[in-house]
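Fold and contact review
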Amino acid sequence: MARYVIWHNPRCSKSRQTLELLQSHGVEPEVVKYLERAPTRAELDRTLRLLALEPRDLMRKREAPYAELGLDDPSLGRDALIDAMVAHPILIERPVVIRDGARAALGRPPEQVLALLDE
């Protein structure tokens, strides 16, 4: 049986919709409230690779820490951006769903995670 993890923020409507969508398809994922337990650097790096995204592609650019930390600076590399996301998980776009540690999808829109169910 497949194992699913969702990086979830219960205050976010897209995150709630994604969780409900998974549950309506019989999936009970492990719910990680990533604002309370931020992913480790290794988890975030691996997830970015699974998503085939660069750090800025998974960053919430309108959150205060993005501007405060000058994260729009194009000279900042992957490592610096990942470190900022680990230190300030509010910067991580949500929700992220990971299947078996081998595939991932961003639930924006929520229906994107349905691709993880096909197998």
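Overview of the structure. Quantities reported herein were computed from a predicted structural model and do not represent experimental measurements.

Of note, the bond from Arg94 into Pro95 is cis; its omega dihedral lies within 30 degrees of zero at -5 degrees. Here the amide bond leading from Arg108 into Pro109 is cis, since omega sits at 0 degrees, within 30 degrees of zero. Mapped onto the fold, Pro109 is located in the segment after β4 (103–106). With a phi angle near 55 degrees, Ala52 is a residue other than glycine that sits in the positive phi range. Within the fold, Ala52 resides in the loop between α2 (41–51) and α3 (64–68).

Our focus in this paragraph is the nonpolar core. Ranked by size, the top nonpolar core spans 21 residues in total, and within it Trp7, Leu44 and Leu58 carry the most contacts. Mapped by element, the contributors of at least two residues to this core are β1 (4–8), α2, α4 (78–87), β3 (96–99) and β4. Counting residues per element, this core draws most heavily on α4, at four residues. With ten residues, the next largest nonpolar core counts Tyr4, Leu19, Ala105 and Leu116 among its residues.

Our next topic: the packing of α2 against α4. It is at 10 Å that the axes of α2 and α4 come closest, and there the two elements cross at 120 degrees. In terms of orientation, α2 and α4 fall into the oblique class. The way α2 lies across α4 gives a crossing that is right-handed. Contact residues: Arg41, Leu44, Asp45, Leu48 and Arg49 in α2; Arg78, Asp79, Ile82, Asp83, Met85 and Val86 in α4. Partitioned by chemical class, the residues of the contact of α2 with α4 number five nonpolar, no polar and six charged.

The next point concerns the pairing of strand β2 (residues 30–33). Sheet topology note: the β1/β2 ladder contains four bridges and is parallel. The partner of Ile6 across the bridge, within β2, is Val31. Note on the crossover from β1 through helix α1 (residues 13–24) to β2: the handedness is right-handed.

Within the open sheet, the four strands sit side by side as β2-β1-β3-β4. Their pairing is mixed. Of all strands in the sheet, those bounded by a partner on one side alone are β2 and β4. If you compare each strand with its neighbour and ignore which way they point, the axes differ by 20 degrees on average. Strand contacts of α2: β1, β3 and β4, with the helix running at about 80 degrees to β4, the strand carrying the most contacts.

Turning to its location among the elements, Thr18 is positioned in helix α1. Accessibility expressed as a relative area gives 0% for Thr18, which makes it buried. In this structure the side chain of Thr18 is engaged in a polar contact, spanning 2.8 Å, whose partner is the backbone oxygen of Lys14. Among residues more than four places away in sequence, those in contact with Thr18 are Ile6, Pro95, Val97, Gly107, Pro110 and Val113.

Conventions used here
- Residues numbered from 1 in each chain as written.
- Predicted model: local features only at pLDDT ≥ 70, side-chain atom pairs only at ≥ 80, totals over all residues.
- Heavy atoms only, no water.
- Helix = DSSP H or I, 4+ residues; strand = E, 2+ residues; numbered from the N terminus.
- Core = buried A, V, L, I, M, F, W, Y, C linked by side-chain atoms within 4.5 Å.
- Buried < 20%, exposed > 50% of the residue type's maximum accessible area, 1.4 Å probe, protein only.
- Axes fitted to C-alpha atoms, helices over the stretch in contact; angles between N-to-C directions.
- Parallel < 35°, antiparallel > 145°, perpendicular 65-115°, else oblique.
- Left-handed = near helix turned anticlockwise from the far one by under 90°.
- Contact = heavy atoms within 4.5 Å.
- Nonpolar A, V, L, I, M, F, W, Y, C, P; charged D, E, K, R; others polar.
- Pairing = 2+ DSSP bridges.
- Right-handed = clockwise from strand over helix to strand, strands pointing away.
- Polar contact = N/O pair within 3.5 Å; in protein donor to acceptor, adjacent residues only side chain to side chain.

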